[in-house]
Amino acid sequence: VYYIEITAPPSPQSVKVGEEAEFEIIARGNPSILNYQWKKGNIEVGNNSSTYTISKADIRDNGIGISCIVSNGKAEPVTSNSVKLSVEDKLPVIIGHPNNKSIEDGKSVTFSVEANGTNLQYQWQRNGYNINNNNARSKDYTFTVSSDNDGKIYRCVVSNSAATKESNVATL
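Keep in mind that this is a model prediction, so the values were computed, not measured. (Residues numbered from 1 in each chain as written. Predicted model: local features only at pLDDT ≥ 70, side-chain atom pairs only at ≥ 80, totals over all residues. Heavy atoms only, no water.)

Colleague: Outline the environment of cysteine 156, listing residues and values.
Modeller: Among the secondary structure elements, cysteine 156 is positioned in strand 17 (residues 153-159). For cysteine 156, a relative accessible area of 0% corresponds to the buried category. The spacing of cysteine 156 and arginine 137 is 19 residues in sequence and 8.9 Å in space, taken between C-alpha atoms. Beyond its immediate chain neighbours, meaning those up to four positions away, cysteine 156 contacts Val113, Tyr122, Gln123, Trp124, Lys165, Glu166 and Ser167. (Helix = DSSP H or I, 4+ residues; strand = E, 2+ residues; numbered from the N terminus. Buried < 20%, exposed > 50% of the residue type's maximum accessible area, 1.4 Å probe, protein only. Contact = heavy atoms within 4.5 Å.)

Structure (structure tokens):
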């Protein structure tokens, strides 16, 4: 009698962006020489192996289903249940904070922040309130100084889907 039986299906995986995700299936059959075809979503991936490895997970892979079709050329192929790959952003970590500045009115000033993480978004604030212009949504915030800016406190909020971090404040 020809048959295929999945004895240990693949397990869901949860990794951070850039990390490796490995899926494994254990099956047996008659004949015992088995072929494996992995699927990521509806796309055939991997090679003829009982394991499938994504070497560097991408945030676009978050939530995708991974399954495996096992065949042996005689019995009806068997498809595993689809399991979910969860990919999370790496936490933002601020490694360089803005510095206090003393600049004359009418001159340009730039506050900067440096951060590590994935898919980072930046929002500069003045005195605790978001600055609502596109110039305030990058790691560097440049503007022309006026007397309205004297003594104001600036900081940057760095965020992604994993967390939100605030820089130290800097005074102009």
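Colleague: Got a sec to walk through the packing of aromatic side chains? Specific residues and values, please.
Modeller: What the rule picks out here adds up to nine aromatic pairs. Where phenylalanine 111 meets phenylalanine 143, the ring centres are 6.4 Å apart and the plane angle is 25°; that geometry is what we call stacked. On the criterion of sequence distance, the pair formed by phenylalanine 111 in strand 12 (residues 108-112) and phenylalanine 143 in strand 16 (residues 140-144) is long-range, its members being 32 residues apart. On the basis of relative accessibility, which here comes to 0%, the residue phenylalanine 111 falls in the buried class. Judged by relative accessible area, which is 12%, phenylalanine 143 ranks as buried. (Phe/Tyr/Trp six-rings, centres within 6.5 Å; stacked < 30°, edge-to-face > 60°.)

Colleague: Any chance you could break down the nonpolar core for me, citing the residues and the numbers?
Modeller: In terms of nonpolar packing, the biggest core is built from 21 residues, with Phe23, Trp38, Ile66, Val70 and Leu85 touching the most fellow members. Listed by contribution, the elements that provide at least two residues to this core are strand 3 (21-24), strand 5 (35-40), strand 7 (51-54), strand 8 (64-71) and strand 10 (83-88). Excluding residues that lie within four positions of it along the chain, phenylalanine 23 makes contacts with Pro10, Ser11, Gln13, Trp38, Ser50, Thr51, Tyr52, Ile54, Ile66, Val83 and Leu85. (Core = buried A, V, L, I, M, F, W, Y, C linked by side-chain atoms within 4.5 Å.)

Colleague: An account of the pattern of salt bridges is requested, with residue identities and associated values reported.
Modeller: Any two side chains of opposite charge can pair, given that their charged atoms come close. On inspection of all chains with the given rule, the structure shows six salt bridges. As a salt-bridge pair, aspartate 61 and lysine 40 come within 3.1 Å of each other at their nearest N and O atoms. With aspartate 61 in the loop between strand 7 and strand 8 and lysine 40 in strand 5, the pair connects residues that are 21 residues apart, well separated along the chain. The residue lysine 139 makes a salt bridge to glutamate 114 at a minimum N-O spacing of 2.8 Å. With lysine 139 in the loop between strand 15 (129-130) and strand 16 and glutamate 114 in strand 13 (residues 114-116), the pair connects residues that are 25 residues apart, well separated along the chain. Its relative accessible area of 32% is what places lysine 139 among the partly exposed residues. Owing to a relative accessible area of 36%, glutamate 114 belongs among the partly exposed residues under this scheme. (Salt bridge = Lys/Arg side-chain N within 4 Å of Asp/Glu carboxyl O.)

Colleague: Residues and numbers for the side chain of serine 86, please.
Modeller: Among the structural elements, serine 86 can be located in strand 10. Of the residues examined, serine 86 reaches a relative accessible area of 19% and is grouped as buried. Beyond its immediate sequence surroundings of up to four residues, serine 86 is in contact with Gln13, Ser14, Val15, Asn62 and Gly63.

Colleague: Which residues make up the pairing of strand 3, and what values do they have?
Modeller: Taking every second residue as pointing to the same face, the buried face of strand 3 carries Ala21 and Phe23, while none of Glu22 and Glu24 on the other face is buried. Both strand 3 and strand 7 contribute to a ladder of four bridges, which runs antiparallel. For glutamate 24, the partnering residue across the bridge sits in strand 7 and is threonine 51. (Pairing = 2+ DSSP bridges.)

Colleague: So, the environment of aspartate 140: which residues are in play, and what are the values?
Modeller: Structurally, aspartate 140 is set in strand 16. A residue is classified by how much of its surface remains accessible, and aspartate 140, at 30% relative accessible area, is partly exposed. Each C-alpha atom, one on aspartate 140 and one on tyrosine 122, is 9.0 Å from the other, the two residues being 18 residues apart in sequence. Within the local environment of aspartate 140, its side chain forms a polar contact with the side chain of serine 112, the two groups lying 2.6 Å apart. (Polar contact = N/O pair within 3.5 Å; in protein donor to acceptor, adjacent residues only side chain to side chain.)

Everything listed here is a matter of geometry and, on its own, says nothing about what the molecule does.
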